[in-house]
Each structure stands twice: as structure tokens, then as C-alpha cells.
Amino acid sequence: MLFHKVRDVAALSDMRLSVQFANGATKVYDTKSLDRRFPAFRALRNGALFGSVEVDQGGYGIVWGDDLDLSCDELWENGMKVKTPFDGLMSFSDASELWGLSESTLRKAVAYGKRKPKLAWDNE
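The structure contained in this document is the topic of the report that follows. (Residues numbered from 1 in each chain as written. Predicted model: local features only at pLDDT ≥ 70, side-chain atom pairs only at ≥ 80, totals over all residues. Heavy atoms only, no water.)

**Quick look at the environment of Phe-21**
Phase 1: Structurally, Phe-21 is set in strand E2 (residues 16-21).
Phase 2: As a C-alpha pair, Phe-21 and Trp-76 span 55 residues in sequence and 8.4 Å in three-dimensional space.
Phase 3: Among all residues touching Phe-21, those that are not within four sequence positions of it are His-4, Lys-5, Val-6, Arg-7, Lys-27, Cys-72, Leu-75 and Trp-76. (Helix = DSSP H or I, 4+ residues; strand = E, 2+ residues; numbered from the N terminus. Contact = heavy atoms within 4.5 Å.)

**Focus on the sheet that holds strand E4 (residues 54-55)**
Phase 1: If you walk across this open sheet you meet the three strands as E4-E5-E6, and the pairing is antiparallel. Of all strands in the sheet, those bounded by a partner on one side alone are E4 and strand E6 (68-71).
Phase 2: As paired strands, E4 and strand E5 (residues 61-64) are joined by two bridges and run antiparallel to one another. Bridge pairing links Val-55 to Ile-62 in E5. (Pairing = 2+ DSSP bridges.)

**Observations regarding a nonpolar patch on the surface**
Phase 1: A cluster of nonpolar side chains, namely Leu-98, Trp-99 and Leu-101, defines an oily patch on the protein surface of about 250 Å² accessible area.
Phase 2: By secondary structure assignment, the location of Leu-98 is in helix H4 (residues 92-99). (Patch = residues over 30% accessible without salt bridge, like charges linked within 9 Å, V, L, I, M, F, W, Y side chains within 5 Å. Areas by Shrake-Rupley, 256 points an atom, 1.4 Å probe, with all protein chains shown as cover. Salt bridge = Lys/Arg side-chain N within 4 Å of Asp/Glu carboxyl O.)

**Observations concerning the sheet that holds strand E1 (residues 6-11)**
Phase 1: The four strands lie next to each other as E1-E2-E3-E7, forming an open sheet whose pairing is antiparallel. Looking at which strands have only one partner, the edges of the open sheet turn out to be E1 and strand E7 (80-82). Adjacent strand axes in the sheet meet at a mean angle of 30°, parallel and antiparallel pairs treated alike.
Phase 2: In this structure, E1 lies alongside E2, joined through five bridges in antiparallel fashion. When the sheet's bridge partners are listed, Val-6 is paired in E2 with Phe-21. (Axes fitted to C-alpha atoms, helices over the stretch in contact; angles between N-to-C directions.)

**Let's talk about the pattern of salt bridges**
Phase 1: All chains considered together, the criterion is met by three salt bridges.
Phase 2: Its salt-bridge partner being Lys-32, residue Asp-14 comes within 3.1 Å of it at the nearest N-O pair. Of the two residues, Asp-14 is situated in the loop between E1 and E2 and Lys-32 in helix H1 (residues 32-37); the sequence distance between them amounts to 18 residues.
Phase 3: Taken together, the salt bridges that share partners define one network made up of Asp-14, Asp-30 and Lys-32.

Following this line, the structure appears as C-alpha cells:
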């Protein structure tokens, strides 16, 4: 199963989140629907709590303290993709983990102009 690991998250206005994924994609996720479906998420109406959002350890989701969290799958499936100048870019450390190669091997491949691998999300 391919996980869409979260690299970074930032709180936006109107209870929305900007979520950057390890594959270079950025999506905006609207938490207002959670507020309506799950009473526990009403706590996010508190701006200080909402703004305290963080990526959980490992990048498999996001958390607000110990009580509220969202999975990377929920964020990926229900977030709205936005265009950024960084779309499709990935750090060497993320690529290294994804492909099971050392950063050194990847850096050498780029330096020597080796063929760019086809990425799973190129077809999304």
C-alpha cells in the first residue's frame, strides 16, 4: 500500500489546512466537514488549538495534541490539490526512504545524469 506521507502542515483561515506531502504535492483540506460529522472536532473552533496542528511522528497523519488526529489517507483523498512552484519536487531524504536507496546513490545518479525514474504519482 502506498502511503501519502505528510511532510508539513500549516493552519490557514476558515478552518482549512495546507498539507504538503512527501511526494511534492500540496493540498488544502477543509476541516469544517469534520466539525459537523464528529463532535470531538468542534474543539478546533478554538483558534489556538487549530493553529497548533503538527505532523505526527513518521508523517502518517497530523495531530492536535493527544486527542485529535487525521490520517494521511484522509488528507490525501479529501484535500483539494493546489498548484505550487514546488509541485513534484522531493527531497533527497524523502526519495531515499521511498526507493530504499542511500542519499549518496541518488545524488550520484542525478550528478551523472542518469535516467529519471517514473514516479507512482506521475499518472495521478
